[in-house]
Amino acid sequence: MWLLIAFIAVPMIEISLFIQVGGAIGVWWTLLIVLTTAIAGSYLVKQQGLRELGKLQQSFSELQDPSEPLANGAMILFAGALLLTPGFFTDIVGLSLLIPKVRQAAFIWGRSKIKVASFTASANQQRTQQPNDQVIDGEFQDITGDKKPTHPPSGWTQH
């Protein structure tokens, strides 16, 4: 139900903001602002996304809980989608998700709503070989050739 409300409310908010801002500053300035936020937002998304990817790789290499860098990466990705969507409301929400303190507050709120049972990691995980786990490398040649029928075809079969 919330998704339906969002799909109805967000376009209505965007249209009303376009009308108000366009009436106040003009159509061309409005379009320039929307285009500028899309370009600047995609640059910021790329920059912060690469930073969060580095933090994620570091958490994996140090065997730490990767949930915060993963959540930050998801929020940055969502922010990028919002910034590429034309509109002022989506731009404000997208730009706010690019602020690390806002992402941290959203992560803390989300973590309070979701219960993670446990997270374990070990550096000494080794694959145990099963007894039937064998690979045999070889070459083959098909020697069956074409089979010729030894008797004339009947009305029931086709050769």
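Residues numbered from 1 in each chain as written. Predicted model: local features only at pLDDT ≥ 70, side-chain atom pairs only at ≥ 80, totals over all residues. Heavy atoms only, no water.

Overview of the overall build of the protein
Across its full length, the protein carries 5 helices and 0 strands. Within the protein, buried positions represent 19% of all 159 residues. Sequence-distant contacts in the protein: of pairs separated by 6 or more residues, those separated by 24 or more amount to 60%. Roughly 13300 Å² of accessible area belongs to the protein as shown, and the carbon and sulfur atoms make up 65% of that amount. (Helix = DSSP H or I, 4+ residues; strand = E, 2+ residues; numbered from the N terminus. Buried < 20%, exposed > 50% of the residue type's maximum accessible area, 1.4 Å probe, protein only. Contact = heavy atoms within 4.5 Å. Areas by Shrake-Rupley, 256 points an atom, 1.4 Å probe, with all protein chains shown as cover.)

A short note on a nonpolar patch on the surface
The grouping of Met1, Trp2, Leu4, Ile5, Ile8 and Met12 at the surface amounts to a nonpolar patch, some 770 Å² of accessible area in total. Summarising the element assignment, Met12 is placed in helix H1 (residues 2-25). Given the relative accessible area of 55%, Met12 is considered exposed. (Patch = residues over 30% accessible without salt bridge, like charges linked within 9 Å, V, L, I, M, F, W, Y side chains within 5 Å. Salt bridge = Lys/Arg side-chain N within 4 Å of Asp/Glu carboxyl O.)

As for the confidence of the model for the protein
Mean pLDDT over the protein: 83, with 83% of residues reaching 70 or higher. Across the protein, the element-wise mean pLDDT spans from 89 in helix H2 (residues 27-61) up to 91 in helix H4 (residues 88-97). (pLDDT = per-residue confidence, 0-100.)

Structural notes on unusual backbone geometry
For Leu63, which is not a glycine, the phi torsion comes out positive at approximately 55 degrees. As for its placement among the helices and strands, Leu63 is situated in the loop between H2 and helix H3 (67-84).

Let's talk about the environment of Thr90
Among the structural elements, Thr90 can be located in helix H4. For the pair Thr90 and Ala79, spaced 11 residues apart in sequence, the C-alpha separation works out to 8.6 Å. Those residues in contact with Thr90, other than ones at most four positions away along the chain, are Val10, Glu14, Leu82 and Thr85. Within the structure, Thr90 has its side chain in polar contact with the backbone oxygen of Thr85 (distance 3.3 Å). In terms of polar contacts, Thr90 uses its side chain to reach the backbone carbonyl oxygen of Gly87, at 3.5 Å. (Polar contact = N/O pair within 3.5 Å; in protein donor to acceptor, adjacent residues only side chain to side chain.)

Remarks on the packing of H1 against H2
Where H1 meets H2, the closest approach of the two axes is 7 Å, and the angle between their N-to-C directions is 120 degrees. Comparing the axis directions of H1 and H2 gives the class oblique. Contact residues: Phe18, Val21, Gly22 and Ile25 in H1; Val27, Trp29, Thr30, Ile33 and Val34 in H2. For the contact of H1 with H2, the per-class residue count stands at 7 nonpolar, 2 polar and no charged. (Axes fitted to C-alpha atoms, helices over the stretch in contact; angles between N-to-C directions. Parallel < 35°, antiparallel > 145°, perpendicular 65-115°, else oblique. Nonpolar A, V, L, I, M, F, W, Y, C, P; charged D, E, K, R; others polar.)

Regarding the packing of H1 against H4
Pairs of packed helices are described in terms of their axes, by the angle between the two and the distance that separates them. Look at H1 against H4: their axes get within 7 Å of each other, and the N-to-C directions meet at 110 degrees. As judged from the angle between their axes, H1 and H4 are roughly perpendicular. Contact residues: H1 offers Val10, Ile13, Glu14, Leu17, Phe18 and Val21, while H4 offers Phe88, Phe89 and Thr90. Here the residues of the contact of H1 with H4 are counted per class, giving 7 nonpolar, 1 polar and 1 charged.

So, the nonpolar core
Formed by Val45, Met75, Ile76, Ala79, Leu82, Leu83, Leu97, Leu98 and Phe107, the largest nonpolar core amounts to 9 residues. Top contributing element to this core by residue count: H3, with 5 residues. When near neighbours in sequence (up to four residues on either side) are disregarded, Leu98 contacts Gly41, Leu44, Val45, Gln48, Ile76, Ala79, Leu83 and Arg103. (Core = buried A, V, L, I, M, F, W, Y, C linked by side-chain atoms within 4.5 Å.)

A word on helix H5 (residues 100-113)
In this model H5 runs 20 Å from its N-terminal to its C-terminal C-alpha over 14 residues, within 8% of the 20 Å that 1.5 Å per residue would give. Among the residues making up H5, those that are buried are Arg103, Phe107 and Gly110. Summarising the axial view, the buried residues of H5 lie within an arc of 70 degrees, below the 170-degree limit, and thus occupy one face. Seen from the open side of H5, the exposed residues pointing more than 90 degrees away from its buried face are Lys101, Ile108, Trp109 and Ser112. In this structure, the buried residues of H5 make contact with H2, H3 and H4. (Expected span 1.5 Å × (residues − 1). Arc of directions from axis to C-beta.)

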